[in-house]
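Structural description and commentary
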Amino acid sequence: MDAYAQMHTYERIPPTEADTRDALNESLNSQLQLPRTAFRLAITILPQDRMRGIVKLSRQWEAIREWEVGWAVHPEEWGKGYATEAAWQVMDYAFRELSVHRIVAFCHADNRASVRVMEKLGMHQDGRLRETRWLNGMWWDEYVYGVLEREWK
Ligand SMILES: CC(C)(COP(=O)(O)OP(=O)(O)OC[C@H]1O[C@@H](n2cnc3c(N)ncnc32)[C@H](O)[C@@H]1OP(=O)(O)O)[C@@H](O)C(=O)NCCC(=O)NCCS
């Protein structure tokens, strides 16, 4: 399977320009609220400093101080450690500065690259959620991984 096919097997099909504009507006608005509970950061690579991916961090459940992390990297840059490095930086920031108790991440159960990123980040597989994703006309399972503040080094 080529990189684009793989991406669209595990994630949504490419959004339209209007969808993208709406998502960006919603994202920018959510990031203006204080205290900040959503971060969408670009992964850039020096010296060109071009955007090559994103890493997201958002609060999911205030009462238990649970946040969610997510990532995507341009296919030309896969396998160079960028998703792991970017996620590690935002997770470290979250545990140090945002008083986070638990960080979770979700992925399509067949997404081996994303599972590997979670493993490299020291996250534990907390469960397999059955048929929680509707994609390409089918139901798919997903994994939820988590790491606790006392486990983070
Ligand atoms: C998942 C994704 C973000 C990983 O980005 P990346 O920068 O390549 O990640 P890293 O280089 O930090 O680590 C990837 C790891 O997965 C491994 N990997 C890649 N494809 C794999 C496969 N098919 N099977 C097993 N392992 C695989 C790599 O070898 C690497 O592990 P290693 O360091 O032990 O060799 C990237 O593939 C992507 O953007 N995919 C499309 C979007 C997506 O799936 N986002 C995640 C949603 S949950």
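Here's what I pulled together on the structure shown here.

What counts, and at which threshold
- Numbers given for residues are sequential positions, taken from 1 along each chain in its written order.
- Two thresholds apply to this predicted model, a pLDDT of at least 70 for residue-level local features and 80 or more for giving and counting side-chain atom pairs, whereas whole-chain, interface and lining totals are computed over all residues.
- The side-chain figures draw on all heavy atoms in the structure; neither hydrogens nor water molecules are used.
- Only heavy atoms are used to decide nearness, and a residue is near a molecule or strand if one of them lies within 4 Å of it.
- Polar contact criterion, stated in full: a pair of N or O atoms within 3.5 Å, where within protein one must be able to donate a hydrogen and the other to accept it, and residues adjacent in sequence count only if both atoms are side-chain atoms.
- To be clear on the numbers: accessible area is Shrake-Rupley with a 1.4 Å probe, and residue cover counts the displayed protein chains and nothing else.
- Counting from the N terminus, the helices are the DSSP runs of H or I reaching at least four residues and the strands are the DSSP runs of E reaching at least two.
- Amino acid classes used here: Ala, Val, Leu, Ile, Met, Phe, Trp, Tyr, Cys and Pro are nonpolar; Asp, Glu, Lys and Arg are charged; the rest, including Gly, are polar.
- Each residue is placed in one exposure class: buried if its accessible area under a 1.4 Å probe, protein chains only, is under 20% of its type's maximum, exposed if it is over 50%, and partly exposed if it falls in between.
- In what follows, residue pairs with any heavy atoms lying within 4.5 Å of each other are defined as contacts.

1. Some details on the site of the ligand
Taken together, 21 residues surround the ligand, and among them Val73, Gly79, Gly81, Thr84 and Lys120 come closest. Between the ligand and tryptophan 71 there is a distance of 3.0 Å, counted from a nitrogen atom to a backbone nitrogen or oxygen. Note that an oxygen atom of the ligand is positioned 2.8 Å from one of the side-chain N or O atoms of asparagine 111. Relative to its unbound accessible area of 970 Å², the ligand is 73% covered by the protein chains. For the shell around the ligand, the secondary structure elements donating two or more residues are β3 (66-73), α3 (82-97), β4 (102-108) and α4 (112-120). Of the residues forming the shell around the ligand, the biggest block, 6 residues, is contributed by α4. Residues belonging to the shell around the ligand are distributed by class as follows: 11 nonpolar, 5 polar and 5 charged.

2. Details of the side chain of arginine 133
Tracing the chain through its elements places arginine 133 in strand β5 (residues 124-135). On the accessibility criterion, arginine 133 (16% relative accessible area) is buried. At a separation of 2.8 Å, a polar atom in the side chain of arginine 133 contacts the side chain of glutamate 142. Not counting residues within four places of it along the chain, the set of residues in contact with arginine 133 comprises Tyr10, Glu11, Phe106, Cys107, His108, Met138, Trp139, Trp140 and Glu142.

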